[in-house]
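Residues per chain, in single letters:
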Amino acid sequence: MAYFLGLDLGTSALKGLVFDQTGELQATASSEYPLASPKPGFSEQEPIHWQEAADTVIHTLIQQLPQLKNELIGISFSGQMHSLVLLDEANRVIRPAILWNDVRTTKQCQQIMASFGEEVQAITKNIALEGFTLPKILWVQEHEPENWQQVRHLMLPKDYLAFWLTGNYSMDYSDAAGTLLLDIENKRWSESIMEKFAIDPDVLPPLFESTAPVGKMRTELQEAFGFEQEITIYAGGADNACAALGSGIIAEGIGMVSIGTSGVFLSFEEAQDVDYQGDLHLFCHAVTDKLYSMGVTLAAGNSLSWYRDTFAPHQEFPELLREISEVKPGSEGLLFTPYIVGERTPYTDSQIRGSFIGIDTRHRAKHFSRAVLEGITFSLKDSQMIMEERAHRNFSRIISVGGGAKNDDWLQMQADIFNAEMLTLTTEQGPGMGAAMLVAIGSGIYPDAASCVKSFVKYGKVIKPIPENVIKYQQIYDIYRTVYSQTAPICYALAQINE
């Protein structure tokens, strides 16, 4: 039996998943690590913690499944995107990694867009946002020049693990697309962006397809783990790209909605010339030579958590949502906008804030609970509408993963608001499964992504839209779309008063 190991390097923990060649999950293990916030808005991690977590996870998996010692084919990765890792000439970490959710770089984003914005957008198909890697580089250049002078190698988190395992530098296209340094059309580092922002091309790693081998496991590690055969390390992919592969998003016409702390609406892109003018993220897929687009709701599950923690702190989510089926679509005139930490798509506005609109005396907790779920889903529909209006997408089916797939009433809301059949996965293993699938494809055991998806990805129940609900939600969504422009000036004024 052949086995494939996917390592999913997240923001709070690293998870390892072992699948066999039939696509069945055989073992899992995880290891957590801390997140540091030395100043407000700062978010950092020590790369050594990722390495220690990977070491722990691999050893644990071997204990669970001893046959890995002679039957593991290879290892690949899913990784948190954008986070900046810097190494010196001796391959030592220069400073803690600056993570994707660090927001210290607003000034640098403004600088990029003011001085080279049109060019960056044309080359990378994206605009500068605090999450991306290039603004983090400029921040280090400005605030830590002594550190920048030491930089000889630049990489992202999962690539640090690949370097640890192989001694080789690498980055795949799906992760590189999130750096604001990749010429997406030509699949190479952009010389003009590097020259503009004083980045030595030699610090950037070689580029690989996600399924490409980047090296063999170092002999000393192979012996330390007890492997009796060579272990091939594959490039891996960005977490959203791997999640899309692990959900079977490898063709147009099917979308994915993922609700965690933030929310994502994602679509496969067949055409290479698609351009959303920065209104959506456009990245390389983990599927060779393909793209995917995605919009982001900053506070999706976070809005629901905030609502629970504030108004029902002693209730678990199932109890909190138990009565929402008693409330008709539209929450009897109550509308929620989930802008509690600002918004990404379609507004890219850090100052906007959330609201409940239409409160009256008949509203009870169940109405507020339903309104929060509806508002989160309306926000994700904003991304769907950009795809449909700009690229003429028609989503007949959408895969729901994360928190939105765990409640039947919310799934029905999604079907009605998106006006599409909602599918769930029988085994939702997320980006880690996509990483393991990259090994299965890269090793040649599966000839392509389609055949691998057929074996690995299994769908559960299908929720169909209810026509009368679709009509009502369309009317409410049209109103929802007007709320931003009406409330933004109020939010800005309040923010200035309270500075």
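Before going into details, it helps to say that this report is about the structure given with it. (Residues numbered from 1 in each chain as written. Predicted model: local features only at pLDDT ≥ 70, side-chain atom pairs only at ≥ 80, totals over all residues. Heavy atoms only, no water.)

### Remarks on the overall build of the chain
Our working rule: In this text, helices come from DSSP runs of H or I with a minimum length of four residues, and strands from runs of E with a minimum of two, each type numbered from the N-terminal end. Every radius of gyration here is taken over C-alpha atoms, with the globule rule written as 2.2 Å times N^0.38, N being the number of residues. A 1.4 Å probe rolled over the protein chains alone gives each residue an accessible area, and that area as a share of the maximum for its type sets the label: buried under 20%, exposed over 50%, partly exposed in between. By definition in these notes, contact holds between two residues if any of their heavy atoms fall within 4.5 Å. We get accessible surface area from the Shrake-Rupley algorithm with a probe of 1.4 Å; when it comes to residues, only the shown protein chains can shield them. The charge count includes Lys and Arg as positive and Asp and Glu as negative, but it does not include His or the ends of the chains. In this description, the location of a charge corresponds to atom NZ of lysine, CZ of arginine, CG of aspartate or CD of glutamate.
Helix and strand counts for the chain stand at 17 helices and 24 strands. In terms of overall size, the chain behaves like a compact globule, its C-alpha atoms giving a radius of gyration of 23 Å where 499 residues would be expected to give roughly 23 Å. Based on the C-alpha atoms only, the size of the chain along its principal axes is roughly 70 × 50 × 45 Å. The 499 residues of the chain split such that 58% are buried. Long-range contacts, defined here as pairs at least 24 residues apart, represent 72% of the contacts in the chain between residues at least 6 apart. Carbon and sulfur atoms make up 49% of the accessible area of the chain, which totals about 19,700 Å². For the chain, the separation between the mean place of its 37 positive charges and that of its 62 negative charges on side chains is 5 Å.

### Some remarks on the sheet that holds strand β24 (residues 459-463)
Stated precisely, the cut-off is as follows: The criterion for strand pairing is that DSSP finds at least two bridges linking the strands in question. All axes here are fitted lines through C-alpha atoms, helices being fitted over the stretch that makes contact, and every angle between N-to-C directions spans 0 to 180 degrees.
Pairing is mixed across the open sheet formed by seven strands, whose spatial order is β18-β19-β17-β16-β22-β23-β24. Each having just a single partner strand, β18 (281-284) and β24 make up the two edges of the open sheet. Direction aside, neighbouring strands of the sheet carry axes that sit 25° apart on average. Examined bridge by bridge, strand β16 (residues 254-259) and strand β22 (residues 397-402) share six bridges and lie parallel to one another. What sits directly across from V257, in β22, is S400. Contacts between helix α13 (residues 365-391) and the sheet are confined to β16, β17 (263-269), β19 (291-297) and β22, with β17 contributing the most and set at about 20° to the helix.

### Describing the packing of α13 against helix α14 (residues 408-418)
Basically, it comes down to this: Angular relationships are summarised with four words: roughly parallel below 35 degrees, roughly antiparallel beyond 145, roughly perpendicular across 65 to 115, and oblique for the angles in between. When the near helix sits turned anticlockwise from the far one by under a right angle, the crossing is termed left-handed; a clockwise turn instead gives a right-handed crossing. Amino acid classes used here: Ala, Val, Leu, Ile, Met, Phe, Trp, Tyr, Cys and Pro are nonpolar; Asp, Glu, Lys and Arg are charged; the rest, including Gly, are polar.
At a minimum axis distance of 10 Å, the contact between α13 and α14 shows a crossing angle of 40°. Classed by the angle they form, the pair α13 and α14 counts as oblique. In the packing of α13 onto α14, the handedness of the crossing is right-handed. Facing R370, L373, E374, I376, T377, F378, L380, K381 and Q384 of α13, the residues of α14 in contact are W410, M413, Q414, I417 and F418. Here the contact of α13 with α14 is composed, by residue class, of eight nonpolar, three polar and three charged.

### Remarks on the nonpolar core
The test is simple: Working definition of a nonpolar core: buried Ala, Val, Leu, Ile, Met, Phe, Trp, Tyr and Cys residues. They are joined through side-chain atoms within 4.5 Å.
The biggest cluster of nonpolar side chains holds 131 residues, and the ones touching the most others in it are L134, F197, I199, L304 and F456. With 11 residues, the single largest contributor to this core is α13. Apart from the residues lying within four places of it in its own chain, the contact partners of F456 are F4, F19, D20, G23, M433, M437, A440 and Y446. If you look at the next biggest cluster of nonpolar residues, it comprises 40 residues, including L5, W50, M155 and W164.

### Here's the deal with the packing of helix α15 (residues 430-442) against helix α16 (residues 449-456)
One way to put it is that α15 packs onto α16 with a least axis distance of 10 Å and a crossing angle of 130°. Regarding the angle of α15 to α16, the classification is oblique. As α15 runs across α16, the sense of the crossing is right-handed. Side by side, α15 and α16 meet where M433, M437, A440 and I441 of the first sit next to A449, C452, V453 and F456 of the second. A breakdown of the residues in the contact of α15 with α16 according to their chemical character gives eight nonpolar, no polar and no charged.

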